[in-house]
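Overview (structure and organization)
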Amino acid sequence: MPLRHAAAVATPARASRRRPGIWGAFGVLAELLLTLAALCGLYIAWQMWWTGVQSEHVQEQTRQAVAWSDPADMANLKVAAAQQGTPPVQPGSANHGDLIAQIYIPRFGAQWNRNVVQGTDSVQLNRHGMGHYESSQMPGQVGNMAIAGHRNGYGEPLGNINTLQTGDPIIIRTEDYWYVYRYTSYRIVLPAQGEVVASNPQNPSVPPTKRMLTLTTCEPRYTVATHRWIAYGELEYWAKVSDGIPKELAATDASGAVKFVSNEHQSLASRLPSLIPVVILTLIVYLVLFVAAAAAWGWPLRRAIRAGRRRPDISVYGALLRLQPGVAPVRILLLLLLLFAAVAALLQWGYPWAASTIPYLREMSNYVTV
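Here's what I pulled together on the structure shown here.

Turning next to the nonpolar core. General note: in soluble globular proteins, nonpolar side chains tend to be found buried as a group. Within the largest apolar cluster, 24 residues are counted, with the highest numbers of intra-cluster contacts made by Ile-103, Ile-147, Ile-172 and Leu-215. Among the secondary structure elements, those contributing two or more residues to this core are strand 1 (99-104), strand 4 (143-148), strand 5 (169-173), strand 6 (177-189), strand 7 (211-219) and strand 8 (227-240). Apart from residues lying up to four places away in sequence, Ile-103 is in contact with Trp-112, Asn-113, Arg-114, Val-116, Met-130, Ile-147, Ile-170, Ile-171, Ile-172 and Leu-215. In terms of nonpolar packing, the next biggest core, distinct from the first, is built from 15 residues, Tyr-154, Leu-275, Val-279 and Tyr-367 among them.

The full count for this structure, using the stated rule, is 13 aromatic pairs. Three or more aromatic residues joined by ring pairs form one cluster here, namely Tyr-43, Trp-46 and Tyr-351. Over the aromatic face of Trp-178 sits the side chain of Arg-173, whose NZ or CZ is 5.7 Å from the ring centroid.

For the rest of this paragraph, the subject is helix 3 (residues 276-296). Across its 21 residues, helix 3 extends 30 Å between first and last C-alpha, which sits within 8% of the 30 Å expected from 1.5 Å per residue. Within helix 3, burial applies to Val-278, Val-279, Thr-282, Tyr-286 and Ala-293. The buried residues of helix 3 all sit within an arc of 90 degrees when viewed along its axis, so they share a single face. Seen from the open side of helix 3, the exposed residues pointing more than 90 degrees away from its buried face are Leu-281, Leu-287, Val-288, Val-291 and Ala-295. For helix 3, the secondary structure elements touched by its buried residues are helix 6 (328-357). Positive phi appears at Gly-298, one or two residues downstream of helix 3, with a value of about 70 degrees.

Conventions adopted
- Residues numbered from 1 in each chain as written.
- Predicted model: local features only at pLDDT ≥ 70, side-chain atom pairs only at ≥ 80, totals over all residues.
- Heavy atoms only, no water.
- Core = buried A, V, L, I, M, F, W, Y, C linked by side-chain atoms within 4.5 Å.
- Buried < 20%, exposed > 50% of the residue type's maximum accessible area, 1.4 Å probe, protein only.
- Helix = DSSP H or I, 4+ residues; strand = E, 2+ residues; numbered from the N terminus.
- Contact = heavy atoms within 4.5 Å.
- Phe/Tyr/Trp six-rings, centres within 6.5 Å; stacked < 30°, edge-to-face > 60°.
- Lys NZ or Arg CZ within 6 Å of the ring centre and 35° of its normal.
- Expected span 1.5 Å × (residues − 1).
- Arc of directions from axis to C-beta.

Here it is, written out as structure tokens:
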């Protein structure tokens, strides 16, 4: 009888000693799963946001390199007179990668505009805004000016193409001219149906008589692109950049002065050529604070654990926290700085490597190293 009683007492004691280990293992598993979820969420953020930031930075650099006149800087800005005669064709020709135009679609937002460069390969579409099909016509030319753009990621220039309504303006600006097209219709086709970018997409076997614009992008938006969304427009009029801006891009203030509504300002993030300075600065701040905290307080948490006054948590992030010197608020700040540097490093190096190396991610992201 006494032996049975001792066993009954010992068994719960052993169970109580095991439970922290079991629950600790579950805690570590939960941390790993939450970390994996965060990594997946950050990958989506990289794909949907940071690639667009990088594209915006490159587009701004391109515009500065060509030094086209900025309508927003014109003194006494006015609405340009619509010209109805035969429009000039500009540029007459272009090399692969050259900036040939800027495109404005007010339906997508007052500040929306993108560069249009020559070529539709992944480098041009991922980094330079939108791409002009090299076999299609130039702005103002009889035929079909065909332009491609991403619908998802890399600034998603045509993400809202499905919101276009009949009569919406689609405005092309070259160095010296404005070309105002009006949206007319759309089609959803298979990728192999190349006739949609022919000079006469409605009847490819007949010479063109209209001055058309075609926008092409992926369909559906967020899954594997099995089809292409095709939007058509026709030229309504053209104008000279030196005369002002089209009425579709003009607004007036209280004094009656004409304002350029698409005076887009570059976002703060896109002014950074890369996140390398952010990673370096964060690590410098971390090291300075780490040394200062170690000199001032040492490692009070680890001393308490060694002295038996506190039981260490079975936790990945808890272990990282114990490695930091200083009092609790300082340790938390140091851990947050480390995590922030890790996130910036993932955006700068980790996710581009994954998107260019892992087959599934490479297919999903359409990423290319440039």
